[in-house]
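# Topology and contacts: notes
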Amino acid sequence: MGVAVKAALLAVAMLMLAWLTAWLERRLVRGEPGPALAVALDGSPLLPNRDRWLYPAGPIVALVGFLLGAVVIPFGPGLIGQDLDIGVFYFIVVLDFVVLGIALSGWGANTPDSVEAFYRIVAQLVAYVVPLGMALVGAIMMAKSLSTTRIVAAQSGLWFIVLQPLGFALYLVSGLMQCYRAPFLEPFATGIGGGILGVAGGWPALLWRIALSGLLFLVAAMGAVLFLGGWLGPWLPGPVWMLVKTYALMALMLGLGRLAQPLSVAQMLALSWKVLIPVGLVNVLLVGLLILFGIGPA
Amino acid sequence: MLCYPLCFIKGIRFGKRRLQFNITKSKNRLNMYDDTLSAYGIAGLVIVIAAGLSLLVAACWKAVPMPVSAPAAWAQFRFGYPVYALIFLAFDMEMIFMYPWAVVFADLGVSAFLDMLVFIALLAAGIAYAWRMDGLAWE
């Protein structure tokens, strides 16, 4: 299959999955504020002080980040955009383009609310990146590879959620923080008019909806790859298993997130640096001990 | 350009004699360029597709303009997390160092574990110090 056909198929599949994610999420969260909230698709706000380039660049950069991240998600043996040797590392790097996009648009819109959203989104990045990276390290240690397909293949005996429950819990919390769902939706809070979504309308609003739903899908899909054995499973074909696990994990994350009170950015930073990062360091050591005692994939 | 150091390492690993080394090196370099191009070509294409889709949507989507009145907000602002941002830089780099270590850990065994133990102890001391000095407080 030519690389151009592959890229086009990947883009079409991802747009459909993002749409499915958005549809499911709206059923699940039922009108709560956050990235799932309705944005004006048919009205485009004329912002008096907006930057001519930064403001429209934001949603495009975010869409690029989402589609780039989707390249390394495997849906079956061989059913992957490109099995990069540095897959997981590539994934966490390109997904941050979504943050860059939100920051560009927030700063570029140049209203008090959107600039506030810009500050909050950057602070949230500082909170989630390190614990998220530490949650991934455990899976890499056991799989001895950064490639997403090899990480799935290493779980053919036992899923990593059984071997690394602490890492899975860490991924749940920091993954929710990465995709701005409750209780970590401070950059999209109603207090600042929905952040950048409050100043988006027309085509940027459509792109934001795709990119932010896609972000949730990718975070859940990567969780399924790292801890739930990806496409592995009996009876059903691989892609079906992958989608079932992804959406089950997504429902679990959204459900658990709604049990907690919304956190301010200051509380998120405190949670991250006083709880999640120490837990992440402990998780790395625990997984190391497991491997030294010969527990895990051969 | 990007993969030149990698080619160099591969050349050293594969060849011992000088002539052989040179041939392997240049061949490997060509192969590496080829592999890298074909592996990351899809990423480049995806960027093009995303940008094209966005422009298409921007050109076709008709939206009613709604005037909004909001004051300009670009100003110097004292953000609440300067110390966090600095510690973040240190920890982000440290996390990146963990990735290659994690890949080879299972093969290296106890010595790699002890190395990382020292590394993590130093970092934990760093967090404890920042915490103690109120560095983890919102300003």
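Here is what the cut-offs are and how they apply
- Residues numbered from 1 in each chain as written.
- Chains lettered and ligands numbered in written order.
- Predicted model: local features only at pLDDT ≥ 70, side-chain atom pairs only at ≥ 80, totals over all residues.
- Heavy atoms only, no water.
- Helix = DSSP H or I, 4+ residues; strand = E, 2+ residues; numbered from the N terminus.
- Rg over C-alpha atoms; globule rule 2.2 N^0.38 Å.
- Buried < 20%, exposed > 50% of the residue type's maximum accessible area, 1.4 Å probe, protein only.
- Contact = heavy atoms within 4.5 Å.
- Buried area = accessible area lost by both parts, 1.4 Å probe.
- Salt bridge = Lys/Arg side-chain N within 4 Å of Asp/Glu carboxyl O.
- Nonpolar A, V, L, I, M, F, W, Y, C, P; charged D, E, K, R; others polar.
- Pairing = 2+ DSSP bridges.
- pLDDT = per-residue confidence, 0-100.

## A few points about the overall build of chain A
Looking only at helices and strands, one finds 10 helices and 1 strand in chain A. Each helix and strand of chain A, placed in order from N terminus to C terminus, yields the pattern α-β-α-α-α-α-α-α-α-α-α. Relative to the globule expectation of 19 Å for 298 residues, the C-alpha radius of gyration of chain A, 19 Å, shows essentially globular dimensions. Principal-axis analysis of the C-alpha atoms gives chain A an extent of 65 × 50 × 30 Å. Here chain A, with 298 residues, has 61% of them falling under the buried criterion. Long-range pairs, those at least 24 residues apart, make up 81% of the contacts in chain A with a sequence separation of at least 6.

## A few points about the interface of chain A and chain B
Contact with chain A, which involves 71 residues of that partner, is made by 57 residues of chain B. Interface area for chain A against chain B, summed over the two sides, is near 5,800 Å², with a carbon-plus-sulfur share of 82%. There are 1 salt bridge connecting chain A and chain B. Secondary structure elements with two or more residues in the side of chain A that touches chain B: helix 1 (3–29), strand 1 (43–46), helix 2 (54–70), helix 3 (87–109), helix 4 (112–143), helix 8 (203–227) and helix 10 (265–292) of chain A. Take the side of chain A that touches chain B: its biggest share by element is 15 residues, from helix 4 of chain A. Residue composition of the side of chain A that touches chain B, grouped by class: 54 nonpolar, 12 polar and 5 charged. Sheet analysis places strand 1 of chain A next to strand 1 (residues 64–67) of chain B, joined by 4 bridges and oriented parallel.

## Quick look at the confidence of the model for chain B
Residues and elements named next belong to chain B. Residues with a pLDDT of 70 or more make up 76% of chain B, whose mean pLDDT is 77. Least confident of the elements in chain B is helix 1 (residues 4–14), whose mean pLDDT is 45; most confident is helix 4 (residues 110–132), at 88. Within the model, the stretch residues 1–21 combines pLDDT values under 50 with 19 contacts to residues more than four positions away or in other chains. With a pTM of 0.89, the predicted complex shows an ipTM of 0.86.

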